[in-house]
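One letter stands for each residue in the lines below.
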Amino acid sequence: MTYWALNAVFLVPAAVVLVLAMVRRGRRTDQGRREQVPEPAVSGRKGLAAALGITAVVLLVLTAVFDNVMISAGLFWYNPERISGAFIGSAPLEDFAYALAAVLLLPALWMLLEKRDKTAAGPKSAKAESPAAPSPAAQHEEKQ
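Residues numbered from 1 in each chain as written. Predicted model: local features only at pLDDT ≥ 70, side-chain atom pairs only at ≥ 80, totals over all residues. Heavy atoms only, no water.

1. Comments concerning a nonpolar patch on the surface
For step 1, the next point in the chain: Taken together, I54, V57, V58, V61, L62, V65, F66 and V69 make up a surface patch of nonpolar side chains, about 740 Å² in accessible area.
For step 2, the next point in the chain: The residue L62 is located in helix α2 (residues 44-72) in this model.
For step 3, the next point in the chain: Here L62 falls in the partly exposed class, since its relative accessible area comes to 40%. (Patch = residues over 30% accessible without salt bridge, like charges linked within 9 Å, V, L, I, M, F, W, Y side chains within 5 Å. Areas by Shrake-Rupley, 256 points an atom, 1.4 Å probe, with all protein chains shown as cover. Salt bridge = Lys/Arg side-chain N within 4 Å of Asp/Glu carboxyl O. Helix = DSSP H or I, 4+ residues; strand = E, 2+ residues; numbered from the N terminus. Buried < 20%, exposed > 50% of the residue type's maximum accessible area, 1.4 Å probe, protein only.)

So this is what it looks like as structure tokens:
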């Protein structure tokens, strides 16, 4: 098995989960429930693409730096028969797939597992409608 085949085991499911998360997110806003769902920190497809792009650049640069250091130090190596032969420094191109999988999968899981704002979505509870208990200072003033 080549390293690209091994990478596909991680990249394809990560990409599928990201697509599913984006479809689910779009479906929630398309159903007219925008008021009920809290606005995410990054909104819109352009914002998400920008956030993923910036994160990918940062992680790929860090991967390039640290993997080159670790490979040069002899901490690990790659079987030359199973790599493509394309390198960035000492690191084969295949080594960057795991950082890319993290960029795809972690935000997708975040979107799929985010909590909905229950106060905006459901009816108000009786506890929320009742007035707050007066503070001890206010009780003391009432007695005087």
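2. Considering the UniProt feature "transmembrane region" (unreviewed entry) in the protein
For step 1, the next point in the chain: With numbering aligned to this structure, UniProt lists the feature "transmembrane region" (unreviewed entry) at residues 6-26, 47-76 and 96-113.
For step 2, the next point in the chain: Structurally, residues 6-26 comprises 100% helix and 0% strand, and the distance from its first C-alpha atom to its last is 31 Å.
For step 3, the next point in the chain: Helix makes up 87% of residues 47-76 and strand 0%, whereas the separation of the span's terminal C-alpha atoms amounts to 37 Å. (UniProt positions renumbered as here; feature names shortened; annotations may be inferred.)

3. Remarks on helix α3 (residues 97-113)
For step 1, the next point in the chain: Across its 17 residues, α3 extends 24 Å between first and last C-alpha, which sits within 8% of the 24 Å expected from 1.5 Å per residue.
For step 2, the next point in the chain: Inspection of α3 places A97, A99, A101, V103, L104, A108 and M111 among the buried residues, and these make up the whole buried set. (Expected span 1.5 Å × (residues − 1).)

4. Topic: the packing of aromatic side chains
The relation between two aromatic rings is expressed through the spacing of the ring centres and the mutual angle of the planes.
For step 1, the next point in the chain: Summed over the entire model, instances satisfying the criterion amount to three aromatic pairs.
For step 2, the next point in the chain: Judged by centre distance (5.5 Å) and plane angle (70°), the ring pair of F10 and Y98 falls under edge-to-face. Of this pair, F10 sits in helix α1 (residues 3-30) while Y98 is found in helix α3, placing the two residues 88 residues apart along the sequence.
For step 3, the next point in the chain: Residue class for F10 comes out partly exposed when judged on its relative accessible area of 42%.
For step 4, the next point in the chain: Plain terms: the ring middles of F76 and Y78 are 5.8 Å apart, the flat faces sit at 80° to each other, and that makes the pair edge-to-face.
For step 5, the next point in the chain: Looking at F76, the relative accessible area reads 27%, which means it is partly exposed.
For step 6, the next point in the chain: Feature note: the residues Y3, F76 and Y78 constitute an aromatic cluster, connected by ring pairs. (Phe/Tyr/Trp six-rings, centres within 6.5 Å; stacked < 30°, edge-to-face > 60°.)

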